[in-house]
Amino acid sequence: KAGVTQTPRYLIKTRGQQVTLSCSPISGHRSVSWYQQTPGQGLQFLFEYFSETQRNKGNFPGRFSGRQFSNSRSEMNVSTLELGDSALYLCASRPPSAYEQYFGPGTRLTVT
Amino acid sequence: GEDVEQSLFLSVREGDSSVINCTYTDSSSTYLYWYKQEPGAGLQLLTYIFSNMDMKQDQRLTVLLNKKDKHLSLRIADTQTGDSAIYFCAERGVAGANNLFFGTGTRLTVIP
């Protein structure tokens, strides 16, 4: 079974721009979560989607948003990028009725 | 909120056992996890333990949970150079929520 895939793997943007990251979960997984990893703050939860609905949200500003499609693929969007948004963005999917999460390779976003 | 703590560094000689420790604060945690992150990669789920268990063994990995002291440890037997990586402890928080709270990570260096 293929793992969680994320595209693109690397991205360079300029302050003030917006960006969209994509995540395809493991086949059969309907829950997708997003995390941000930075050297200063470590790994922080952004949001979780299940059946196209946001179930839970972390403590991030409204510039961070996401959505999930009927095929369980998910996207996250960051508007009005700031230098501090430079990070590794990780997506994870969870099997039905289970509690372990499987992570993708991440998208490394650099904001200049 | 949840707070998960780990020591930052650990060095061991190849062939020795490694023990990585973690403490957490949320006594209602239901599941606790260990993830491995190699340079430039996402998080690889190594193992997890349900809070009503004391121990779980999986090949070279042994997880010990002391719920009274809120202490979790990961023992890697016969440590190999390929085990060099950052190891993250994580807890699943409030029941019904699937977001994970991560520790700062322990960088394990295996000396040949």
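Residues numbered from 1 in each chain as written. Chains lettered and ligands numbered in written order. Predicted model: local features only at pLDDT ≥ 70, side-chain atom pairs only at ≥ 80, totals over all residues. Heavy atoms only, no water.

Another point: the overall build of chain B. The helix and strand tally for chain B stands at zero helices and 11 strands. Mapped in sequence order, the helices and strands of chain B form the string β-β-β-β-β-β-β-β-β-β-β. Here chain B has a C-alpha radius of gyration of 13 Å; the compact-globule value for 112 residues is 13 Å, and the two agree. Over its C-alpha atoms, taken along the principal directions, chain B stretches across nearly 45 × 30 × 20 Å. Buried positions account for 48% of the 112 residues belonging to chain B. Taking as baseline every contact in chain B between residues at least 6 positions apart, the subset at least 24 positions apart corresponds to 55%. In the structure as shown, chain B presents an accessible area of about 5,400 Å², 50% of it carried by carbon and sulfur atoms. Charged side chains of chain B number 10 positive and 13 negative; the gap between the two group centres comes to 2 Å. (Helix = DSSP H or I, 4+ residues; strand = E, 2+ residues; numbered from the N terminus. Rg over C-alpha atoms; globule rule 2.2 N^0.38 Å. Buried < 20%, exposed > 50% of the residue type's maximum accessible area, 1.4 Å probe, protein only. Contact = heavy atoms within 4.5 Å. Areas by Shrake-Rupley, 256 points an atom, 1.4 Å probe, with all protein chains shown as cover. Lys, Arg positive; Asp, Glu negative; His and termini not counted. Charge placed at Lys NZ, Arg CZ, Asp CG, Glu CD.)

Let us look at the pattern of salt bridges. Residue and element names in this part refer to chain A. If you walk through the whole model with that rule in mind, you get seven salt bridges over all chains. Across the salt bridge formed by glutamate 82 and arginine 63, the nearest N and O atoms sit 3.6 Å from each other. One end of the pair, glutamate 82, is in the loop between strand E8 (74-78) and strand E9 (87-94); the other, arginine 63, is in the loop between strand E6 (53-57) and strand E7 (64-68), with 19 residues separating them in the sequence. Relative accessible area serves as the criterion here: at 42%, glutamate 82 is assigned to the partly exposed category. Here arginine 67 ties to glutamate 75 by a salt bridge, and the two come within 3.3 Å at their closest N and O atoms. (Salt bridge = Lys/Arg side-chain N within 4 Å of Asp/Glu carboxyl O.)

This paragraph deals with the sheet that holds strand E1 (residues 4-6) of chain B. Residue and element names in this part refer to chain B. Taken in spatial order, the five strands make up an open sheet running E1-E3-E8-E7-E6, and their pairing is antiparallel. At either margin of the open sheet sits one strand with a lone partner, and together these are E1 and strand E6 (55-58). Between one strand axis and the next, the sheet turns by 15° as a mean value, whatever way the strands run. Relative to strand E3 (residues 18-24), E1 runs antiparallel, the two being bridged by three bridges. Among the inter-strand pairings, glutamine 6 is bridged to a residue of E3, identified as cysteine 22. (Pairing = 2+ DSSP bridges. Axes fitted to C-alpha atoms, helices over the stretch in contact; angles between N-to-C directions.)

Looking now at the packing of aromatic side chains. As enumerated under the stated definition, the model contains 15 aromatic pairs over all chains in all. Between the aromatic rings of tyrosine 35 of chain A and phenylalanine 102 of chain B, the centroid separation amounts to 5.7 Å while the plane-to-plane angle is 90°, which identifies the pairing as edge-to-face. In this pair, tyrosine 35 of chain A is assigned in strand E4 (residues 31-38) and phenylalanine 102 of chain B in strand E10 (residues 100-102), connecting two distinct chains. Each member of the pair, tyrosine 35 of chain A as well as phenylalanine 102 of chain B, carries the same accessibility label: buried. Relative to phenylalanine 102 of chain B, the ring of phenylalanine 103 of chain A lies with its centre 6.1 Å away and its plane at 75°, an arrangement referred to as edge-to-face. Of this pair, phenylalanine 103 of chain A sits in strand E10 (residues 102-103) while phenylalanine 102 of chain B sits in strand E10, on two different chains. Given the relative accessible area of 10%, phenylalanine 102 of chain B is considered buried. (Phe/Tyr/Trp six-rings, centres within 6.5 Å; stacked < 30°, edge-to-face > 60°.)

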